[in-house]
Amino acid sequence: MGGLLCCVKVEQSTVSIRERFGKFDQVLEPGCHCLPWFLGKQIAGNLSLRLQQLDVRCETKTKDNVFVNVVASIQYRALAEKASDAFYKLTNTKSQIQAYVFDVIRAFVPKLNLDDVFEQKNDIAKAVEEELEKAMSAYGFEIVQTLIVDIEPDERVKKAMNEINAAARMRVATNDKAEAEKIIQIKRAEGEAESKYLSGLGIARQRQAIVDGLRDSVLGFSENVPGTSAKDVLDMVLITQYFDTMKEIGASSKSSAVFIPHGPGAVQDVATQIRSGFLQASSAH
């Protein structure tokens, strides 16, 4: 019925190209249009105004001689006001865009090292977009967005990069562990030094207390028992300490066997040795 009435319908987001006797006549907007075919008018084709996307994979080499696959995503659309240029000037839009992407990427990436390619992917995308915008605007197309969605080095290169990264992290972890062990050893040595210092201080105080106690015993005994000398009192105190020690050794069930000389002469020898030790200590001070 539409053909008999010379009517044609154009869908939304689409324009139709009308020709008259094979020559461009008019761009038809979405809606219903009269098409008197008997006057030589006909639809040459339709052009979508919707946003389209083209993914382009380009293999190239970096400055440090590493081959990479760069994947660029191009979002573009035809302009309604330049629909005739978009319809007539290009036979294959996608192939044309792909050629420009290859040209820009293969001119830009070889100037960069591999690490710089990853860091400057936005600069690569911008360069591709600027070149496409300049070239495709003459054909009635608008470049909406250009993205570098993936950069894929060779598998062996990726494996080597991962190993380098892992080695660097392992080195940092080893250094941190060594520093921690160093701190632990320093703190342990400081603790041992402090412990030995306190132990020595305690022993010194213990010995001082023993000397003070003996001195007080000698003085007290000499005052209360007339006629006794300090030597007699000291001998008596040492003998008392000697027998107390013997008693403690015998009363302890866990003590090891200890062989010591015993008898009046032995007691006298012990007293003489102890007295000599105290005198030597006093002369040293």
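In this text, all values refer to a predicted model and were calculated from it rather than measured experimentally.

Digging into the overall build of the protein chain
Counting its regular elements, the protein chain contains seven helices and eight strands. Going through the 285 residues of the protein chain one by one, you find that 25% of them count as buried. A separation threshold of at least 6 residues defines the contact pool for the protein chain, and within that pool the share at least 24 residues apart is 61%. Element-wise, carbon and sulfur atoms account for 54% of the exposed surface of the protein chain, whose accessible area totals about 19400 Å².

Considering the side chain of T60
Structurally, the position occupied by T60 is in strand β6 (residues 52-61). Classification of T60 as buried rests on a relative accessible area of 6%. The contacts of T60, once residues within four sequence positions are left out, are V66, F67, V68, V70, I105, R106, V109 and P110.

Here we look at the packing of aromatic side chains
Under the defined criterion, the tally for this structure stands at three aromatic pairs. Lying across the ring of F102, R106 places its NZ or CZ 4.8 Å from the centre.

Concerning helix α2 (residues 93-108)
Because the α-helix completes a turn every 3.6 residues, residues three or four places apart line up on one side. In this model α2 runs 23 Å from its N-terminal to its C-terminal C-alpha over 16 residues, within 8% of the 22 Å that 1.5 Å per residue would give. For α2, the full list of buried residues reads T93, I97, V101, V104 and I105. All buried residues of α2 lie within an arc of 95 degrees about the axis, which places them on one face of the element. Looking at the buried side of α2, the elements it contacts are β6, β7 (67-78), α4 (121-136) and β8 (141-153). Where α2 begins, one side-chain oxygen reaches toward the backbone nitrogen of K94, 3.3 Å away; that side chain belongs to N92.

Quick notes on the sheet that holds β7
The three strands are arranged β6-β7-β8 in an open sheet whose pairing can be described as antiparallel. Of all the strands in the sheet, the pair left with one neighbour each is β6 and β8. Taken pair by pair, the neighbouring strands of this sheet meet at an average axis angle of 20 degrees, ignoring direction. Running at roughly 35 degrees to β6, α2 makes contact with β6, β7 and β8 of the sheet.

Description of unusual backbone geometry
Positive phi is not limited to glycine here, since S13 has a value of about 60 degrees. The topology assignment puts S13 in the loop between β1 (7-10) and β2 (14-20). Although it is not a glycine, N65 sits at a positive phi angle of roughly 60 degrees. Within the secondary structure layout, N65 lies in the loop between β6 and β7.

A short note on the pairing of β2
Every other side chain in a regular strand lies on the same face of the sheet, so the side chains alternate between the two faces. In terms of burial, β2 is largely enclosed, as six of its seven residues are buried. Strand direction decides the pairing type here: β2 and strand β5 (residues 41-48), joined by seven bridges, are antiparallel. In the sheet register, V15 faces β5, and the bridge partner there is L47. In the sheet, β2 pairs with strand β3 (residues 23-28) via five bridges, with the strands oriented antiparallel. By the bridge assignment, E19 is partnered in β3 with F24. Counting the residues in the hairpin turn of β2 and β3 gives two residues, including F21, whose phi is positive at 55 degrees.

How each quantity is defined
- Residues numbered from 1 in each chain as written.
- Predicted model: local features only at pLDDT ≥ 70, side-chain atom pairs only at ≥ 80, totals over all residues.
- Heavy atoms only, no water.
- Helix = DSSP H or I, 4+ residues; strand = E, 2+ residues; numbered from the N terminus.
- Buried < 20%, exposed > 50% of the residue type's maximum accessible area, 1.4 Å probe, protein only.
- Contact = heavy atoms within 4.5 Å.
- Areas by Shrake-Rupley, 256 points an atom, 1.4 Å probe, with all protein chains shown as cover.
- Phe/Tyr/Trp six-rings, centres within 6.5 Å; stacked < 30°, edge-to-face > 60°.
- Lys NZ or Arg CZ within 6 Å of the ring centre and 35° of its normal.
- Expected span 1.5 Å × (residues − 1).
- Arc of directions from axis to C-beta.
- Polar contact = N/O pair within 3.5 Å; in protein donor to acceptor, adjacent residues only side chain to side chain.
- Pairing = 2+ DSSP bridges.
- Axes fitted to C-alpha atoms, helices over the stretch in contact; angles between N-to-C directions.

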